[in-house]
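Spelled out, the chains give:
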Amino acid sequence: MSLGYAEKLSYREDVGTVGMSEIFDSNHLLQQKIEQLALIIEESKHLVAFTGAGISTSCGIPDFRGPKGVWTLQRDGKGVPEASLPFHRAMPSLTHMALVELEKRGILKFVISQNVDSLHLRSGIPREKLAELHGNSFREICPSCGVEYLRDFEVETIGLKITPRRCSDVKCNSKLRDSVLDWEDALPSKEMNAAEKHCRMADVVLCLGTSLQITPACNLPLKCLRGGGKIVIVNLQPTPKDKRASLVIHGLVDKVVAGVMQLLKMQIPPYIRVDIFQVVFYQFRCVSERKYAKWSLRVISVHGERAPLPFIKSVEVTFPERPELKSAILEKQPFLLKREMLKTRPFKMVLKVNFSDGCGCPFTSIEFPVNFQKQTDSIIQDKNVILQKLKDTAMQDECCGQFSLVEKNILSSLKKEIATYAGTTNIVRYCEFSSSKGFGDVKWVGKRERKEVNVKGNGCWVARHENEIVKKLKVC
């Protein structure tokens, strides 16, 4: 849940029950229930996950109704709580990534989310297997042609309002709208229809971290009961649907899911974040001047020159082979540098791109050669292949900070070069399994304690989350 989203919502006095005390099952009872849930999932034919704010609290995003939830604190006159990191840098929880593994194995058929944090999409759940009932703070939609745009920045508005951007289809060019609902907005039919369809088909609807109070979304899990399906609820507080559930577990969602994955003998994949930006080099037209060339360099978002670039803090530009040339530090967007130089002398720039808080590596360096006398060729590569190679390398190196050129477009008629770069800016491992006679140690991420180790002095840093909770669970 975004704090910006909470502040943008229209005022509503009746938001349901808030501030209820949290309930924790005893260790022995919790273990029994985890074993029951593991068996239910293993035997399921059409598993659907129904998720709420409780699966994102371990990501540093406050919930709504918990003891320190947004609406609980607002009721007490304390205002909106502080987030532990920028919203756009929030990383999927252990539960998010476990759902990804279950989906890849064909066990999880569909995910229904009431959250607007985009963490299901970031984690790797396919869009066609996800219904985001209340929208997505990082998604814009074209009302004319229906194209969706997933951003790396939080969209400025909520309530299906017009945003500052337009559809990139030149035949359309319509003004885009945000996708997040305000109180008075109806649930989107496309998302609701898909959710209803899968709940009717489900033999198990697994409700994770939701109070099941917001209508009509909270009634969706009940639709599986007509076909003989089961409802399982994992939440720290009682819900109005507890009496209809086959199993109710009062425990931390990450803890429960970690135990289930251990019993199913499935490893939770790491999360690797890849961010993309562009470097635009432009030579100004100058008919009268033949000796000197005027040029500009911009570091911009792939979503457009005016779009926010939240993961970059500053850009340092140096000329290592030309010490007489003055270096520059670009500290504010737009990151723009303008210079005038002799056309006859090639040079090389080094761009040190400094990343913002929440990134696992502090910076990356990019060499950018310029030769006004020689025309270079465009480079077009398979973007998906490049991104997968970056992720594979990050996994192998156990660190982030790997960057690669994705493509380079040379627009000769405009004397413009657009280079697109991609790089890994976060890597998080969620759990490790070790087993002895009949028992295993399940480790999952609690509070984050970042340890940094410089690798080869090139800005690649290891980020490990090591404050782990350990729980003994019986292994099937």
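Quick caveat: nothing in here was measured; it's all calculated off a predicted structure. Residue numbers run consecutively from 1 along every chain, following the written order of its sequence. For a predicted model such as this one, the threshold for reporting local features is a pLDDT of at least 70, and the threshold for listing and counting side-chain atom pairs is 80 or more; totals across whole chains, interfaces and linings nevertheless cover every residue. Excluding hydrogens and water, the side-chain figures rest on all heavy atoms present in the structure.

Once that is clear, we can look at the overall build of the protein chain. Secondary structure summary: the protein chain contains eight helices and 27 strands in total. Relative accessibility under 20% of the residue-type maximum defines a buried residue, over 50% an exposed one, and the middle range a partly exposed one, all with a 1.4 Å probe and only protein chains included. Across the 476 residues of the protein chain, 53% fall into the buried class. Relative to all contacts within the protein chain whose residues are 6 or more apart in sequence, the contacts with residues 24 or more apart total 66%. Carbon and sulfur atoms form 49% of the exposed surface of the protein chain, whose accessible area is close to 22800 Å². Segments assigned H or I by DSSP are reported as helices when at least four residues long, segments assigned E as strands when at least two residues long, and all are numbered from the N terminus. Residues are treated as being in contact if the distance between any of their heavy atoms lies within 4.5 Å. What sets the accessible areas is the Shrake-Rupley method with a 1.4 Å probe; for residues, cover comes only from the shown protein chains.

Further remarks concern the environment of Met266. For Met266, the location among the structural elements is in the loop between helix H7 (253-263) and strand E11 (271-283). Sequence separation between Met266 and Ala98 is 168 residues, and the spatial gap between their C-alpha atoms is 8.6 Å.

Let us look at the environment of Asn219. Relative to the helices and strands, Asn219 resides in the loop between strand E8 (204-208) and strand E9 (230-234). Judged by relative accessible area, which is 31%, Asn219 ranks as partly exposed. Residues Asn219 and Glu196 lie 23 residues apart in sequence; the distance between their C-alpha atoms is 9.7 Å. Polar side-chain contacts of Asn219 include one of 2.8 Å to the side chain of Lys241. Within 3.5 Å is the distance limit for a polar contact, defined as a pair of N or O atoms, with the added protein rule that one can donate a hydrogen and the other accept it, and that residues adjacent in sequence qualify only through two side-chain atoms.

With that out of the way, let us pick up the confidence of the model for the protein chain. Residue-level confidence of the predictor, termed pLDDT, takes values from 0 up to 100. Mean pLDDT over the protein chain: 85, with 81% of residues reaching 70 or higher. Low pLDDT (under 50) marks residues 432-476, which in the prediction has 119 contacts with non-local residues, meaning those over four places away or in another chain.

If you look at the biggest cluster of nonpolar residues, it comprises 42 residues, and the most contacted ones within it are Leu37, Ile41, Leu102, Leu206, Val234, Val256 and Val260. At the level of secondary structure, the elements contributing two or more residues to this core comprise helix H2 (27-43), strand E1 (47-51), helix H4 (94-104), strand E2 (108-113), E8, E9, strand E10 (247-249) and H7. Ranked by residue count, the leading element in this core is H7, at seven residues. Discounting residues that sit within four places of it in the chain, Leu102 has contacts with Ile41, Ile107, Leu108, Met261, Leu264 and Met266. As used in this record, nonpolar core signifies buried Ala, Val, Leu, Ile, Met, Phe, Trp, Tyr and Cys residues forming a set joined through side-chain atoms within 4.5 Å. If you look at the next biggest cluster of nonpolar residues, it comprises 37 residues, including Ile312, Ala328, Cys361 and Phe372.

Now for the pattern of salt bridges. Side chains that differ in charge, positive against negative, can pair when their charged atoms come close. Salt bridge criterion: a side-chain nitrogen from Lys or Arg within 4 Å of a carboxyl oxygen from Asp or Glu. In the structure shown here, the tally under the stated rule is 17 salt bridges. In this structure, Lys33 engages Asp25 in a salt bridge whose closest nitrogen and oxygen atoms are separated by 3.1 Å. For the pair Lys33 and Asp25, a shared accessibility class is recorded, and that class is buried. Residue Arg345 pairs with Glu324 through a salt bridge whose shortest N-O separation is 3.7 Å. Taken together, the residues span a long stretch of sequence, with Arg345 in the loop between strand E15 (335-342) and strand E16 (347-355) and Glu324 in the loop between strand E13 (312-318) and strand E14 (328-330) at a distance of 21 residues. The partly exposed category is assigned to Arg345, whose relative accessible area is 42%. Taken together, the shared-partner salt bridges connect Arg127, Glu132, Arg139, Glu148 and Glu191 into one network.

On to the UniProt feature "binding site: Zn(2+)" (unreviewed entry) in the protein chain. UniProt positions are given in the numbering used here, feature names are shortened, and annotations may be inferred rather than shown by experiment. According to UniProt, the feature "binding site: Zn(2+)" (unreviewed entry) maps to Cys142, Cys145, Cys167 and Cys172 in the numbering used here. Spanning 31 residues, the named residues nonetheless gather at one spot, since no C-alpha pair among them exceeds 8.9 Å. Among the secondary structure elements, Cys145 is positioned in the loop between strand E4 (139-141) and strand E5 (148-150). Within the secondary structure, Cys167 is located in the loop between strand E6 (162-166) and strand E7 (175-178).

What follows deals with the sheet that holds E6. Read across the sheet, four strands follow the order E5-E4-E7-E6 without closing on themselves; strand pairing throughout is antiparallel. Every other strand in the sheet has two partners, leaving E5 and E6 as the edge strands with one partner each. Taking the axes of each pair of neighbouring strands and ignoring which way they run, one obtains an average angle of 35° across the sheet. Sheet topology note: the E6/E7 ladder contains two bridges and is antiparallel. Across the sheet, Arg166 pairs through a bridge with Lys175, a residue of E7. For two strands to pair, DSSP has to find at least two bridges joining them. In this description, a line fitted to the C-alpha atoms serves as the axis of each element, helices being fitted only across the stretch in contact, and the angle between N-to-C directions of two axes falls anywhere from 0 to 180 degrees.

The next thing to look at is the sheet that holds strand E12 (residues 292-301). Taken in spatial order, the six strands of this open sheet run E15-E12-E11-E20-E19-E18, and their pairing is antiparallel. Both edges of this open sheet fall to E15 and strand E18 (379-380), since each of them pairs with a single strand only. As paired elements, strand E19 (residues 403-411) and strand E20 (residues 416-428) share eight bridges and run antiparallel to each other. The residue of E20 that forms the bridge with Leu405 is Tyr421. The strands touched by helix H8 (residues 383-397) are E11, E19 and E20; relative to E20, the strand with the most contacts, the crossing angle is about 35°.

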